[in-house]
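The primary structure of each chain is shown beneath.
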Amino acid sequence: MACIVNFSAITQPKPQPCFASLPASTSSHRSNSPKLQTSHLSFASNNSRISLRYDRTLAVSPPRETLLSKAPNFMIVAAANKPEPLKIMISGAPASGKGTQCELITQKYGLVHVAAGDLLRAEVAAGSENGRRAKQFMEKGQLVPDEIVVMMVKERLLRPDAHKNGWLLDGYPRSSSQAIALKEFGFEPDLFILLDVAEDTLVERVVGRRLDPVTGKIYHLKYSPPETEEIAARLTQRFDDTEEKVKLRLRTHHQNVEAVLSMYKDITVKVNGNLSKNDVFAKIDNVLDELLEQRKAGSGYLEANKA
Ligand code: AP5
């Protein structure tokens, strides 16, 4: 695609920034042709780079439109998009290790972690009307109604940090209606990670889980014990982390998981979540690395009009 842009503010092919709002990096060269003298400008904004070429030939024999604007011509000769930030979903049964893996993924990839359960617990802690209603369902291990969860997640995903850095959606969607709503809002993931863990292991993980209210870090009394006595003393347990409640949560999970999986089957990667947390992460890390490599290769340099 060739596109001619007229810059009325520039009368010489000097490499200089044209847009005050965009950081510009400039370079210039002149071709051997006496008629075709060029200067290159390039501009980088958040996600893209545009290269412009000043075309002296067009300036010497300008087309009618250019005469009207009395300005020399720049052509967009190349546009290279930075790869879009990653958009990932992570799913799995209660205590399959979603939150644990999200900590590791966000540390390395800088994605914004959006956990439906955390958003709901924050509402419960704040004592809001939504929190009060949500808690009644959470205590029974049931899904909180869509009218509470859907908007909560949507609003979080719309925040600028998620748009800029990409997102990692944890524990959402959990029903086909949530998946459909997400799609209608325009949120489409690149990858759906499914953590697969044996049921006995899940119960053991739930009852041993502890949380650090200061750092938000997830511990397990056996598998990930706290580093110091001081941390151990302040750990808390979630109100739904009992053997009785996890069984209810598991039932809800089994009732809904197939509907969600069927909507993302083309982009699903199943990961063995029975391994140690670092081994699980190594597998996820490989997949994300590969996805990013593919992204970079695919976002190449679009030569619109070679000099
Ligand atoms: P939510 O908070 O999402 O709970 P969950 O899905 O049951 O998942 P968990 O947070 O319990 O586990 P996790 O997979 O994050 O495991 P973790 O990494 O902590 O939801 C709670 C409730 O909110 C729901 O029941 C529902 O009522 C409501 N809700 C949430 N989302 C909703 C939605 N979309 N719609 C409607 N309602 C919704 O690990 C667990 C333990 O295991 C930890 O102690 C950890 O240290 C340990 N561990 C982790 N990985 C390993 C490993 N590889 N090896 C050994 N130990 C490990």
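Parameters and conventions
- Residues numbered from 1 in each chain as written.
- Predicted model: local features only at pLDDT ≥ 70, side-chain atom pairs only at ≥ 80, totals over all residues.
- Heavy atoms only, no water.
- Helix = DSSP H or I, 4+ residues; strand = E, 2+ residues; numbered from the N terminus.
- Buried < 20%, exposed > 50% of the residue type's maximum accessible area, 1.4 Å probe, protein only.
- Contact = heavy atoms within 4.5 Å.
- Areas by Shrake-Rupley, 256 points an atom, 1.4 Å probe, with all protein chains shown as cover.
- Pairing = 2+ DSSP bridges.
- Axes fitted to C-alpha atoms, helices over the stretch in contact; angles between N-to-C directions.
- Near = heavy atom within 4 Å.
- Polar contact = N/O pair within 3.5 Å; in protein donor to acceptor, adjacent residues only side chain to side chain.
- Nonpolar A, V, L, I, M, F, W, Y, C, P; charged D, E, K, R; others polar.
- Parallel < 35°, antiparallel > 145°, perpendicular 65-115°, else oblique.
- Left-handed = near helix turned anticlockwise from the far one by under 90°.
- Expected span 1.5 Å × (residues − 1).
- Bend = angle between axes of the 7 residues up to and from the residue.

**Student:** Talk me through the overall build of the protein; I want residue IDs and the actual numbers.
**Tutor:** The secondary structure content of the protein amounts to 12 helices and 13 strands. A burial count over the protein gives 41% of its 307 residues as buried. Restricting the contact set of the protein to residue pairs at least 6 apart, pairs at least 24 apart contribute 66%. Total accessible area on the protein stands at roughly 17,000 Å², and carbon and sulfur atoms take up 52% of it.

**Student:** Which residues make up the sheet that holds strand β9 (residues 191–196), and what values do they have?
**Tutor:** For sheets, the rule is that strands pair by backbone hydrogen bonds, running either parallel or antiparallel. On the basis of which strands lie adjacent, the open sheet formed by 5 strands has the order β7-β8-β6-β9-β12 and parallel pairing. Edge strands, defined here as strands with exactly one partner in the open sheet, are β7 (112–115) and β12 (268–272). Between one strand axis and the next, the sheet turns through 20° on average, direction left out of account. Relative to strand β8 (residues 167–170), strand β6 (residues 87–92) is paired through 4 bridges, and the arrangement is parallel. Within the sheet, the bridge partner assigned to M89 lies in β8 and is L169.

**Student:** I'd like to hear about the site of the ligand, residue by residue, with values.
**Tutor:** Taken together, 33 residues are adjacent to the ligand, and T100, Q142, R174, R209 and R249 come closest. Within the side chain of R249, a nitrogen or oxygen atom sits 2.6 Å from an oxygen atom of the ligand. A distance of 3.3 Å separates a nitrogen atom of the ligand from a polar atom in the backbone of K277. For the shell around the ligand, the secondary structure elements donating two or more residues are α3 (98–109), α4 (116–126) and β11 (218–220). Top element by residues in the shell around the ligand is α4. It accounts for 4 residues. A class-by-class count of the residues in the shell around the ligand yields 14 nonpolar, 10 polar and 9 charged.

**Student:** I'd like a rundown of the packing of α3 against helix α12 (residues 277–298), residues and numbers included.
**Tutor:** Closest axis-to-axis distance for the α3/α12 pair is 10 Å, and the angle between their directions is 45°. Relative to α12, the element α3 lies oblique. The chirality of how α3 crosses α12 is right-handed. Here T100, Q101, L104, I105, K108 and Y109 of α3 lie close against α12, whose contacting residues are K277, N278, V280, F281, I284, D285, L288, D289 and L292.

**Student:** Tell me about helix α11 (residues 243–264), and please be specific about residues and values.
**Tutor:** Counted at 1.5 Å a residue, the expected span for α11 with its 22 residues is 32 Å, and the 30 Å between its end C-alpha atoms agrees. The sharpest bend along α11 comes to roughly 40°, located at N256. Where α11 is concerned, the buried positions are K245, V246, R249, L250, T252, H253, N256, V257, V260, L261 and Y264.

**Student:** Would you mind going over the packing of α4 against helix α5 (residues 129–139) in detail, with residue names and values included?
**Tutor:** For the pair α4 and α5, the least separation of the axes is 7 Å and the interaxial angle reads 120°. Judged by the angle between their axes, α4 and α5 are oblique. Handedness of the crossing formed by α4 with α5: left-handed. Between α4 and α5, the contacting residues are G117, L120, R121, E123 and V124 on the first element and N130, G131, A134, K135 and M138 on the second. Of the residues in the contact of α4 with α5, the class split is 4 nonpolar, 3 polar and 3 charged.

**Student:** Explain the side chain of R156 to me, and be specific about the residues and the numbers.
**Tutor:** Relative to the helices and strands, R156 is located in helix α6 (residues 146–157). For R156, the side chain forms a polar contact with the side chain of D161, separated by 2.7 Å.

**Student:** Can you lay out unusual backbone geometry for me, pointing to particular residues and giving the numbers?
**Tutor:** In this model, Y172 is joined to P173 through a cis peptide bond whose omega is 0°. Of note, P173 is situated in the loop between β8 and α8 (176–184). Here the phi dihedral of A95 falls at roughly 65°; this positive angle occurs in a residue that is not glycine. Turning to its location among the elements, A95 is positioned in the loop between β6 and α3.

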